[in-house]
Amino acid sequence: MAAMSAGIAGAAYAAGAFSRSQAVKRQGKAKAVQLAAVRESVVNDTATAVETECINAIRFLAVDAINKSNSGHPGAPMGQAPIGYLLFAEEMNYNPEDSKWANRDRFVLSSGHGCMLQYSLLHLAGYKSVSIDDIKQFRQWGSKTPGHPENFETDGIEVTTGPLGMGISNAVGLAAAEAHLAAVYNKPGMPLIDHYCYTIAGDGCMQEGITHESASLAGHLGLGKLIAFYDDNGITIDGHTDLSFTEDVGKRFEAYGWQVLTVLDGNTDVAGLRDAIKQAKACTDKPTLIKVKTIIGYGSPNKADTHDIHGAALGKDEAAATRAQLGWKHSEFEVPQQAYDVFRGHAAKGASKQAEWNKMWAEYQQKEPELAAQFKRACMDRKLPDGWADSLPKLTPEDKGKATRLHSQDCINALANVLPEFMGGSADLAPSNMTLMKCTGNFLKGSYAERNFRFGIREFGMAAMCNAMSLDKTGIIPYCATFTIFSDYMRSAIRMAALSQAGTIFVTTHDSIAVGEDGPTHQPIETIPSLRMIPDLTVMRPADGNETAGAYKYAVERSKNESRPTFMAFSRQALPNLPNSSIENTFKGAYAVIECADPEVILIGTGSEVHVCVNAAKEGLAGKKVRVVSMPSWEVFRAQPASYKDALLPKNVPTLSVEAAVTMGWGEWAGAFVGIDCFGASAPGQTCLDNFGFTSANVASCAMRCIAGERGALSNGSQGKH
């Protein structure tokens, strides 16, 4: 009776909310018509008593947790609760006892500020990572229920979300991973990989540019196992979306190539939502967007359908009023056993599905031993094959030099032959980035087994997709590529890779002012130093072929074994191979290219500037005792034993850094710097290097000044401005 009363009360509430919003807040006839449709659907409530109880359990766990912490976003969980109920109590295959089961369905909450929805669902489903005590510690120090979903903190969270639009873009990557693995491994009667990726996104996600990139590509690729719910509640922080957002999202997604469905009443029409999911699954050649009209903060008599419930707790009085409105007679954090039984009963079905999968896997190993061995190593054990690194090239100073982007191409193709889980591509720059794998074709609709991704000019969406392919936890080693300067377009995704422990390999080329004629818009000066500031991101700037091979060995091991990202920057111009360079020395982060005992000065270079240092030592500093150090990675060198670091860079020896980038940050390793603290210019690459001070003569001159006691930026590029 209480649940039925809740349905009636909810209908009365919705009618009242409609009247208030029509009189006070809504602008435009179209909006009023939409809400009228919602009201009519609410009156004809289709949710059963048990469903209503389960849905309200989600809502009030969110309300109570946010009230207790006095911080959070209750409106989204209250509106999205019916979607969450259907996914976790009916639709999804998952096992709380094995959250990394390869064939689990994936769920991503793109509107991550509404994370109490996900925490409530994980708790109700029986994940040990979210106990009722964890719910009570929402947003508190050391809790497993932080202010946005964090995959590295809470078991059951697939990807870290928070920056709006990132989550739905991650979902595209997860769906791409499913499509690829299914195409590679599935055999008749033995579908090892056959799962869906569900995501809930809000108005904010739909407005962020990253969503346009990833959704466009998802439609082009025809990722039919991707089902996205658009929580169309018409509210953002500023207020009603009429202020800034009036486009037809459904038509936009139809133009992308998605199937678009609409549920007019997402607050109570569980049957309508269920039918929409059924239709989404029936469409196998397109992703589906289910546009769900909800009332934000559904059930709150005074705050629903306003931005007041978007980012603030209801408060004690309004929570009590909401309980009365929805007929919820349970106290704070109290969940009726029936709700637990429903969710955990479905979770138990997921465990049974996994047991069935295990039987199929045993049969698969008998019938497809070669593929089974590969699947077990790459996807289940997530280990690298023995001897894989032997494929990487090894060079001597006598070998002809070439651009490190070409060495990168050699490494990519060597790895592609021995690592079937290695896959990726470029943001429409493959011929310049040199990132195509020759042993495989293009990952496209109808050819999902191939490994070359054609991401198009979509750097941000590309990076988010690759992060998710790593976080899929099926052993994929993803790489994505662009020009170094355009890594700014995907900066947030690079940061999220480091934060969320995604093993993405970021491959970039055209790493300095040596890009030349394209000018300062394409010449990175601050990019690489700024990326070095991101915690847990390793930045590699190799100087020759061996360092490039070392960078790839490091990046692949870091991706596969640690699920951590690496950013690599390669040159456009040809560079000779260095003496003493090797994969092993690259793993030290810095090493002596030209050694001498008791040096009078140490020159530290990265990338192409190491060669300028070598020439300066040989030509301009004849008679001086000079040590030349190549430092392909600050982060790797920083992790070395103090004894090694102190021996390579003694603190009592004058040290000069040389890098075609801003000088900020180099004070950690050197006392004097040659750099470029201004924007570049449009001219041939060598002309730019010469005029901005990256010559052996200028470096030798600055080294002499360093020996004489001068410190700081001895050459900052200002001499090259015209």
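Owing to the predicted nature of the structure, the values given are computational and were not obtained by experimental measurement.

Turning next to the pairing of strand β18 (residues 601-605). Counting buried positions along β18 gives 5 out of 5 residues, so the element sits mostly inside the fold. For β18 and strand β19 (residues 626-630), the ladder comprises 5 bridges, and the chain directions are parallel. Each residue of the ladder has a partner; that of leucine 603, found in β19, is valine 628. Each parallel crossover has a hand, and for β18 linked through helix α22 (residues 609-620) to β19 it is right-handed. Summarising the sheet, β18 and strand β20 (residues 655-658) pair through 4 bridges and their orientation is parallel. Counterpart to glycine 605 in the pairing with β20 is valine 658.

A separate point is the sheet that holds strand β17 (residues 591-594). Read across the sheet, 6 strands follow the order β17-β19-β18-β20-β21-β22 without closing on themselves; strand pairing throughout is mixed. The open sheet is flanked by β17 and β22 (712-715), the only strands paired with a single partner. Adjacent strand axes in the sheet meet at a mean angle of 30° when their direction is disregarded. Of the strands in this sheet, β18, β20, β21 (672-674) and β22 are in contact with helix α26 (residues 696-707), which crosses β20 at around 155°.

Here we take up empty space enclosed by the protein. Applying the stated criterion across every chain yields a total of 4 cavities of 30 Å³ or more. Residue lining of the largest cavity: 14 residues in total, with Met92, Asp105, Tyr127, Gly156 and Glu158 positioned closest to the centre. Split into classes, the residues belonging to the lining of the largest cavity amount to 6 nonpolar, 4 polar and 4 charged.

Mean pLDDT over the chain: 93, with 93% of residues reaching 70 or higher. In this model, residues 1-44 is a region of pLDDT below 50 whose contacts with residues beyond four sequence positions or in other chains number 69 contacts.

Here the focus is the sheet that holds strand β15 (residues 566-570). Read from one edge to the other, the open sheet built from 7 strands follows the order β10-β11-β9-β12-β13-β15-β14, with strand pairing classed as parallel. Edge strands, defined here as strands with exactly one partner in the open sheet, are β10 (442-443) and β14 (538-540). Across 5 bridges, the pairing between strand β9 (residues 422-426) and strand β12 (residues 477-483) is parallel. Looking across to β12, one finds that methionine 423 is bridged to proline 478.

Now for the UniProt feature "site: Important for catalytic activity" (unreviewed entry) in the chain. Under the UniProt annotation, "site: Important for catalytic activity" (unreviewed entry) lies at His73 and His310. Spanning 238 residues, the named residues nonetheless gather at one spot, since no C-alpha pair among them exceeds 5.4 Å. Mapping histidine 73 onto the fold places it in the loop between α3 (49-69) and α4 (75-91). Contacts of histidine 73, omitting those with residues within four sequence positions, involve Ile66, His113, Gly114, Arg139, His310 and Gly311. There is a polar contact of 2.7 Å between the side chain of histidine 73 and the backbone oxygen of histidine 310.

Of all hydrophobic cores here, the largest spans 80 residues; its most connected members are Leu192, Met206, Leu223, Phe253, Trp258, Leu289 and Phe375. Counting contributing residues, this core receives three or more from each of domain 1 (49-350) and domain 2 (388-570). Those residues in contact with tryptophan 258, other than ones at most four positions away along the chain, are Ala215, Ala218, Gly219, Leu226, Ala228, Phe253, Lys286, Pro287, Thr288 and Leu289. With 67 residues, the next largest nonpolar core counts Ile58, Ala81, Val270 and Ala313 among its residues.

What follows deals with the domain arrangement of the chain. Looking at the chain, the domain boundaries give domain 1 (49-350), domain 2 (388-570) and domain 3 (590-720). If you average the C-alpha positions of domain 1 and of domain 2, the two centres end up 32 Å apart. Taken together, the 32 residues of domain 1 in the interface contact 32 residues of domain 2. Between domain 1 and domain 2 the total buried area reaches about 2700 Å² when both faces are included, carbon and sulfur atoms providing 69% of it. In terms of surface lost to domain 2, no three residues of domain 1 exceed His180, Glu213 and Leu221, which account for 21% of the buried area on that side.

Applying the stated criterion across every chain, the model contains 30 salt bridges. The partner of lysine 281 in a salt bridge is glutamate 91, and the shortest N-O contact between them spans 3.0 Å. Of this pair, lysine 281 sits in helix α11 (residues 270-282) while glutamate 91 sits in helix α4, placing them 190 residues apart in sequence. Judged by its relative accessible area of 25%, lysine 281 is partly exposed. What emerges from the salt-bridge pattern is a single network uniting Asp511, Arg532, Arg541, Glu609 and Glu659.

Attention now goes to the packing of helix α5 (residues 116-125) against helix α13 (residues 337-367). Put simply, α5 and α13 touch, their axes get as near as 7 Å, and they point 75° apart. Relative to α13, the element α5 lies roughly perpendicular. Side by side, α5 and α13 meet where Leu121, His123, Leu124 and Ala125 of the first sit next to Tyr340, Phe343, Arg344 and Ala347 of the second. For the contact of α5 with α13, a count of residues per class yields 6 nonpolar, 1 polar and 1 charged.

Along the chain, the position of serine 630 falls in strand β19. Given a relative accessible area of 0%, serine 630 falls into the buried group. Within the local environment of serine 630, its side chain forms a polar contact with the side chain of glutamate 547, the two groups lying 2.6 Å apart. Apart from the residues lying within four places of it in its own chain, the contact partners of serine 630 are Ala543, Glu547, Gly589, Ala590, Tyr591, Val593, Gly605 and Val610.

With 13 residues, helix α9 (residues 209-221) extends 19 Å from end C-alpha to end C-alpha; this agrees with the ideal 18 Å at 1.5 Å per step. Along α9, the residues classified as buried are Ile210, Thr211, Ser214, Ala215, Ser216, Leu217, Ala218, Gly219 and Leu221. Directly beyond the C-terminal end of α9, a positive phi value near 65° is found at glycine 222.

Here we take up the environment of glycine 189. For glycine 189, the position within the fold is in the loop between α7 (166-185) and β2 (197-202). Through-space distance from the C-alpha of glycine 189 to that of methionine 360 is 8.8 Å; in sequence the pair is 171 residues apart.

The next thing to look at is the UniProt feature "binding site: substrate" (unreviewed entry) in the chain. Sites flagged by UniProt as "binding site: substrate" (unreviewed entry) map to His73, His310, Arg405, Ser432, His510, Asp518, His522 and Arg572. The named residues occupy 500 residues along the chain; their greatest pairwise C-alpha distance, 48.6 Å, places them well apart from one another. Summarising the element assignment, aspartate 518 is placed in the loop between β13 (505-509) and α19 (527-531). Owing to a relative accessible area of 46%, aspartate 518 belongs among the partly exposed residues under this scheme.

Under the defined criterion, the tally for this structure stands at 26 aromatic pairs. Relative to tryptophan 666, the ring of tryptophan 634 has its centre 4.9 Å away and its plane inclined at 75°; by these criteria the two rings are edge-to-face. Taken together, the residues tryptophan 634 in helix α23 (residues 634-638) and tryptophan 666 in the loop between β20 and β21 connect sequence positions 32 residues apart. The class of tryptophan 666 is buried, set by a relative accessible area of 2%. Cluster of aromatic residues (ring-pair linked, three or more members): Trp101, Tyr185, Trp357, Trp361, Tyr364 and Phe375. One Lys or Arg, lysine 225, reaches over the ring of tyrosine 196 and ends 5.3 Å from the middle of that ring. Its end group placed over the ring of tyrosine 196, lysine 281 keeps NZ or CZ at 5.0 Å from the ring centre.

Thresholds, definitions, all that
- Sequence order as written defines the numbering, with residues in each chain counted from 1.
- Local features in this predicted model are restricted to residues whose pLDDT is 70 or higher, and side-chain atom pairs enter the listing and the counts only when it is 80 or higher, whereas totals over whole chains, interfaces and linings include all residues.
- Water and hydrogen atoms play no part in the side-chain values, which are based on all heavy atoms of the structure.
- When a residue's accessible area, from a 1.4 Å probe over protein chains only, is under 20% of the maximum for its type it is buried; when over 50% it is exposed; and in between it is partly exposed.
- Where helices and strands are cited, they refer to DSSP runs of H or I of at least four residues and of E of at least two residues respectively, numbered from the N terminus.
- Strands are treated as partners if at least two bridges between them are detected by DSSP.
- Convention used here: a crossover is right-handed provided that the path from the first strand, over the helix, to the second strand proceeds clockwise when the strands point away from the viewer.
- Lines fitted to the C-alpha atoms define the axes, with helices restricted to the stretch that makes contact. Angles between their N-to-C directions range from 0 to 180 degrees.
- Any two residues having at least one pair of non-hydrogen atoms within 4.5 Å are treated as being in contact.
- In this analysis, the protein atoms alone were mapped onto a 1 Å grid. Cavities are point sets where a 1.4 Å probe fits without being able to get out; pockets are open sets with protein on both sides within 12 Å along at least five of seven lines; lining residues have an atom within 4 Å of a point.
- Grid points are joined across faces, edges and corners, and a volume is the space filled by probe spheres set on the points.
- In this classification, the charged set is Asp, Glu, Lys and Arg, the nonpolar set is Ala, Val, Leu, Ile, Met, Phe, Trp, Tyr, Cys and Pro, and all remaining amino acids, among them Gly, are polar.
- By definition, pLDDT measures how confident the predictor is in each residue, and it falls between 0 and 100.
- UniProt positions are given in the numbering used here, feature names are shortened, and annotations may be inferred rather than shown by experiment.
- Any pair of N or O atoms that falls within 3.5 Å is considered a polar contact. Within protein, one atom must be able to donate a hydrogen and the other to accept it, and sequence-neighbouring residues count only if both atoms are side-chain atoms.
- What makes a nonpolar core is a set of buried Ala, Val, Leu, Ile, Met, Phe, Trp, Tyr and Cys residues whose side-chain atoms join them at distances within 4.5 Å.
- Each domain's limits were defined by an automated method or a database of domain assignments.
- Put simply, buried area is the surface a 1.4 Å probe can reach on two separate parts but cannot reach once they are joined, added for both.
- One speaks of a salt bridge when a side-chain nitrogen belonging to Lys or Arg is within 4 Å of a carboxyl oxygen belonging to Asp or Glu.
- By the definition adopted for this analysis, an angle is roughly parallel if under 35 degrees, roughly antiparallel if over 145, roughly perpendicular if from 65 to 115, and oblique otherwise.
- Here the expected length of a helix is defined as 1.5 Å per residue gap, with one fewer gap than residues.
- For this analysis, a ring pair means two rings from Phe, Tyr or Trp (six-membered ring only for Trp) whose centres lie within 6.5 Å, classed as stacked if their planes differ by under 30 degrees, edge-to-face if by over 60, and tilted for the remaining angles.
- Whether a charge sits over a ring comes down to the Lys NZ or Arg CZ being within 6 Å of the ring centre and within 35 degrees of the ring normal.

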